Amino acid sequence: MTITTSPVPSEPNRVYVGFPYGAELLARVKAIPGAKWNPTQRAWSVSKRYQKQIDELSPPKKEPTTNEFMKLFASRMSESKAAYSLFDVTAVYGYNNCHVSIASAVPLPSVDAAFPFEKRSRRGYDLDIRKPAEIELALSALRAIGPAEKEAAEKVAAEKRAEADRLLAEQAEIRRQKRQREAEEDRLRREARARNQAEDAAAGRGRMGVLVRSAPAIGTVMRHGGDVVRINGHGKQFYLGEDDASMGWGPGCEGERACYAYYERASADEAAALEAGENNAAEDRRIADTRRQAIATVAASPDMPDPGAVPDGEVIWEDNSNRATGYRTWIVQSLDGWLWHLTYDGSDGATWGMRNCGENTVGRRVSAADDLVAAIKGNA
């Protein structure tokens, strides 16, 4: 809908108002103070002083849609690249507006004049553009930037580039020094590790994996490999998993608690004491084995005479571990030079009655040779 005006020749301060007929619009024209109908011209006239009311008769201009605005924005900005070729200008589309960022470390008077209400940050301007006219304002402001502003902006940009280069160089130097320091620290760690390994090797120090339930106590002197070592401490406990069986812990170790036992080579006195103990244990085992063999020799004898009672003599060995159940064995060295192996069986289920050496007692004998007697007594 178009509203037109034309001068009234006879009244310079008045204008004719042309508009399409409509009851609502006619009422609004008649409401303007001093409005008069000219039947000859068939038109309404009003005083020029009411131009604002005349302008308000026209409906508001339709704003472009978002897509139309974006297209207009992109078109105008791309057409006017020369206007902002000296600056870093970034355009970002919003839902119903656009942001134009102008990177400038110095104030730009033409931009400040075109957008007096925008705040300028250290990095430059961030213009919020919502109307087509503001696009033109932004482009006009960029075109109006003079040589002085350009020189100042270029100087600041050069200073910023120099500062950025300086910071990059500083960071590169810091990284170089860090790498150098880390390399030196790594070298010192390797040397310390080598010294520790050499000291450990000289002292016979090391660690061994053990199950907690069978871990040797601190202070224990034992053999480990070919060395005699002393346990000095235990590490933190941990549980063994399925994969540990194939890593030296042995089968069936899953779920067991384990730790590391730390050791060092034992002193000469400790090694000698361990060896003496081992020798004593070996001698005890030899004596025990000799005794078992001698006892077995007497127990296996086929000579079973019938003296009718337990022979008189010295009891040189006996086993009463099962006496509570009515069963015992012992060896007698008789006065007539025999070794008798006697078994009394009065346990449940045994056949009761007289045996060759009395009631429920079986006896076997061998000649009481000195070496056999000494072996049974534990003196061989």
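Structure's up top.
Model, not experiment: these values are computed from the prediction. (Residues numbered from 1 in each chain as written. Predicted model: local features only at pLDDT ≥ 70, side-chain atom pairs only at ≥ 80, totals over all residues. Heavy atoms only, no water.)

1. Points about helix 1 (residues 23-30)
If you check which residues of helix 1 are buried, you get Leu25, Leu26 and Val29. Projection of helix 1 onto a plane perpendicular to its axis shows the buried side chains occupying an angular sector of 100°, all on one side. Facing away from the buried side of helix 1 by more than 90 degrees, the exposed set consists of Ala23 and Glu24. (Buried < 20%, exposed > 50% of the residue type's maximum accessible area, 1.4 Å probe, protein only. Helix = DSSP H or I, 4+ residues; strand = E, 2+ residues; numbered from the N terminus. Arc of directions from axis to C-beta.)

2. Here we look at the sheet that holds strand 3 (residues 36-38)
Taken in spatial order, the four strands make up an open sheet running 1-2-4-3, and their pairing is antiparallel. Only two strands of the sheet have a single neighbouring strand rather than two, namely strand 1 (4-8) and strand 3. Sheet twist, expressed as the average angle between the axes of neighbouring strands with direction ignored, equals 40°. In the sheet, strand 1 pairs with strand 2 (residues 11-18) via five bridges, with the strands oriented antiparallel. By the bridge assignment for strand 2, Thr4 is matched with Gly18. (Pairing = 2+ DSSP bridges. Axes fitted to C-alpha atoms, helices over the stretch in contact; angles between N-to-C directions.)

3. Describing the environment of Arg205
Along the chain, Arg205 turns up in the loop between helix 6 (147-203) and strand 9 (206-211). Judged by its relative accessible area of 34%, Arg205 is partly exposed. When the C-alpha atoms of Arg205 and Glu256 are compared, they prove to be 26 Å apart, with 51 residues separating the residues in sequence. Among all residues touching Arg205, those that are not within four sequence positions of it are Glu199, Asp200, Tyr263 and Glu264. (Contact = heavy atoms within 4.5 Å.)

4. Some points on unusual backbone geometry
The residue Arg42 is not glycine, and still its phi comes out positive at about 50°. Along the chain, Arg42 turns up in the loop between strand 3 and strand 4 (43-47). Taking relative accessible area as the criterion, Arg42 reaches 65% and is therefore assigned exposed. Positive phi, close to 55°, is recorded for Asn360, a residue that is not glycine. Summarising the element assignment, Asn360 is placed in the loop between strand 18 (358-359) and strand 19 (361-367). For Asn360, a relative accessible area of 3% corresponds to the buried category.

5. Examining helix 8 (residues 370-377)
Buried within helix 8 are the following residues: Leu372, Val373, Ala375 and Ile376. End-on, the buried residues of helix 8 take up no more than an arc of 160°, which puts them together on one face. Structural note: helix 8 exposes Asp370 and Asp371 on the side pointing more than 90 degrees away from its buried face. Elements that come into contact with the buried residues of helix 8 comprise helix 7 (268-299), strand 14 (313-319), strand 15 (327-334), strand 16 (338-345) and strand 19. Downstream of helix 8 by one or two residues, Gly378 has phi in the positive range, about 85°.

6. Structural notes on the sheet that holds strand 19
The strand order 14-15-16-19 describes an open sheet built from four strands, whose pairing is antiparallel. Single-partner strands in this sheet number two, and they are strand 14 and strand 19. Taken pair by pair, the neighbouring strands of this sheet meet at an average axis angle of 20°, ignoring direction. Across seven bridges, strand 16 lies against strand 19 in antiparallel orientation. In the strand pairing of strand 19, Trp340 is matched with Arg365. Strand contacts of helix 7: strand 14, strand 15, strand 16 and strand 19, with the helix running at about 80° to strand 16, the strand carrying the most contacts.

7. Here's the deal with the nonpolar core
Within the largest apolar cluster, 23 residues are counted, with the highest numbers of intra-cluster contacts made by Phe73, Val100, Ile102, Leu108, Val111, Leu127 and Ile129. Only helix 3 (66-79), strand 6 (98-103), helix 4 (109-114), strand 8 (124-129), helix 5 (132-143) and helix 6 provide two or more residues apiece to this core. Among the elements that take part in this core, helix 5 stands out by supplying five residues, more than any other. Apart from residues no more than four positions distant in its own chain, Val100 is found in contact with Phe73, Met77, Val89, Thr90, Tyr125, Asp126, Leu127 and Ile129. (Core = buried A, V, L, I, M, F, W, Y, C linked by side-chain atoms within 4.5 Å.)

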